[in-house]
Structure formats: C-alpha cells, structure tokens
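Inside the fold
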Amino acid sequence: MSVLIRLAQASAGLGLAGFIASESIFDVDGGHGVVLFDKLRGVIQKPYGQGTHLMIPFIQTPIDYEIRTRHRTISTHTGTKDLQMINISLRVLSRPVFEKLPSIYQKLGTDYEFRVLPSIGNEVLKAVVAQYNADQLLTMREQVSRDIRDQLEARAADFDLVLDDVSITHLTFGSEFTRAIEAKQVKQQEAEKAKFEVMRAEHEKDAAIIIAEGEAEAAKLVRCVVCCLSFARLCCTLPCLCCTRRPRGSLAARSLCFAWANDRYKIKSLHTEIPC
C-alpha cells in the first residue's frame, strides 16, 4: 500500500513539474511579436521575436501581436476646394514597429489599428482634398495620392506604425458635378462638330473656285483655238501675188497665222494641219 502511495505522489510531482515547465515557456510564430506583461514589474520593455522563450509562470503573461503587413480601407465623404462633395476610399498597408511593441501595448492596446488608422485617415483625407478643386482630383491624381501618403505617414509615425503603401481606390463625385461634366463634354463635342462644318464649307468653297478657274481657262483655250482656225482659213483664201489661180494654203500664210496666234494667245504650236 505504501508503494502505491509513493507512486501516486511521484506521479503527482512529475505532473506538477511538467505543468510548471509547460507554463514556463511560450512560442512565437513567424510574422508575430510578443510583449510580456509582468504582474510585479509591469510591461517588460523588450519584445520577443519568433522562437521559444522562457517566462515566469503565473507572474508573466505573453501578449501576441501580428507584425505582418495588413491592409485596411478608409472611406470618407468630404468637400473639395470648390465646394463639390465627393466620396473617396483609401487602401492602407500598415504594420507596427517591432521594437515599439511594448510602447504600442501601453498606449494603444492590442486593437491599435481600429483606434489609430480610421481617425488619422479621415482627418488627412479631408485636409488634403480640401486643397484641390474637383477636376484637379482627376487631372492631378498622382499628386493628390502623394500628398495623402506623406501626411498619413507622418501622422502614423507618431503612433509607431509603418505604412508600406497608400493608394486611392475609389473616387466618385456628386450628381450635380457629374451632370456638369456631361454637359461640358456635350458642348465640347458640339464645338468640334461646328468647327468641322466650317472647315468642310471652306474646302468646298476652295474646290468650287478651282473648278470655276479651270472652266474659265478651258473656255479661253477653246476661243483661242477657234480664232486661230478662222484666221488660218482666211489666210488660205487670199490670192497669191505670183499667180492668178486660187491658192491652197501656202506655207507663208500658215506661218503668218501661227506667228499671229503665238503673239496674241501665246500658243507655241498647232499639231493638227489646218485644211483649206
């Protein structure tokens, strides 16, 4: 009987020792950090990274933090410099500074993201958007995003947070501004159409002038040819001084005709023979 009692006592002692040993160590996963809270000394100002670590059981308690980059969306309804109301959404990738985990636990607790980012995000969004007109938010979107990022990083640094990325994901305007944009586009299209109609009318006018000039030149050339032919036939009917018979278009008459036509109408040659 005494042997059984001793075995029970030994088993209880081993169990208690195993329990105390298990309570004296804690594991930290990758991408996490741990802050130890000591009931006697308070928060220990040294964070613990991944691996297995020792602690005093029942005196120290591990508080786990995820230090990976996590995303959060911040949305707000605010006004621009020209008093246009817009809806804007911002995606923020943030993570805590590992060395500052004890300070974060003391000042903000474990839900620091819900306490800090929505507050400073809305404040920075409204402050930056109020510096630009509504149309500038579209034409200068990169500059707006950079201003928001710079100011948000400066504010987050006060709370020991690092922002890996800040980007505008959604931007919508009020119904009045949307209707004004559509009306402006319609007017621009009408102006372009009117400009095209004016250019087409000018081209048609130039084409008509060119056609009229061509027809006038053609009529002038026709009159010239008719006059030349009439003069040549007249020369063919003149009597020859050396003989009394009726001539049949002497070479001298033709040369005289062509010389007169060249001097009167600037015609260099006639390739067709004029019959007499």
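**Brief notes about the nonpolar core**
- In terms of nonpolar packing, the biggest core is built from 34 residues, with Leu 90, Leu 137, Ile 148 and Leu 152 touching the most fellow members.
- Looking at this core, the elements with two or more residues in it are strand S5 (60-66), strand S7 (85-96), helix H2 (101-107), helix H3 (112-129), helix H5 (141-157) and strand S8 (161-173).
- Broken down by element, this core gets its largest block of residues, eight residues, from H3.

**Here's the deal with the packing of aromatic side chains**
- Taken as a whole and assessed by the stated rule, the structure comprises two aromatic pairs.
- Taken together, a centroid distance of 5.7 Å and an interplanar angle of 85° make the contact between Phe 26 and Tyr 48 edge-to-face. In this pair, Phe 26 is assigned in strand S1 (residues 25-28) and Tyr 48 in the loop between strand S3 (42-43) and strand S4 (51-54), connecting sequence segments 22 residues apart.
- Residue class for Tyr 48 comes out buried when judged on its relative accessible area of 15%.
- Each ring, one from Tyr 65 and one from Tyr 112, has its centre 6.1 Å from the other, and the planes form 35°; the classification is tilted. Here the residue Tyr 65 occupies a position in strand S5, and Tyr 112 occupies one in helix H3, the gap between them amounting to 47 residues.

**Considering the pattern of salt bridges**
- A complete count under the given rule lists 13 salt bridges for this structure.
- With a closest N to O distance of 3.1 Å, Asp 165 and Arg 91 form a salt bridge. Of this pair, Asp 165 sits in strand S8 while Arg 91 sits in strand S7, and the two are 74 residues apart along the sequence.
- Among the residues examined, Arg 91 registers a relative accessible area of 32% and is labelled partly exposed.
- Of the charged contacts in the structure, one is a salt bridge between Arg 200 and Glu 197, with a shortest N-O distance of 2.7 Å. Of this pair, Arg 200 and Glu 197 are both found in helix H6 (residues 175-236), three residues apart, which corresponds to roughly one turn of the helix.
- Its relative accessible area of 40% is what places Arg 200 among the partly exposed residues.
- Salt bridges linked by common partners bring Glu 66, Arg 68, Arg 70 and Glu 113 together as one network.

Each value, and the rule that gives it
- Residues numbered from 1 in each chain as written.
- Predicted model: local features only at pLDDT ≥ 70, side-chain atom pairs only at ≥ 80, totals over all residues.
- Heavy atoms only, no water.
- Core = buried A, V, L, I, M, F, W, Y, C linked by side-chain atoms within 4.5 Å.
- Buried < 20%, exposed > 50% of the residue type's maximum accessible area, 1.4 Å probe, protein only.
- Helix = DSSP H or I, 4+ residues; strand = E, 2+ residues; numbered from the N terminus.
- Phe/Tyr/Trp six-rings, centres within 6.5 Å; stacked < 30°, edge-to-face > 60°.
- Salt bridge = Lys/Arg side-chain N within 4 Å of Asp/Glu carboxyl O.

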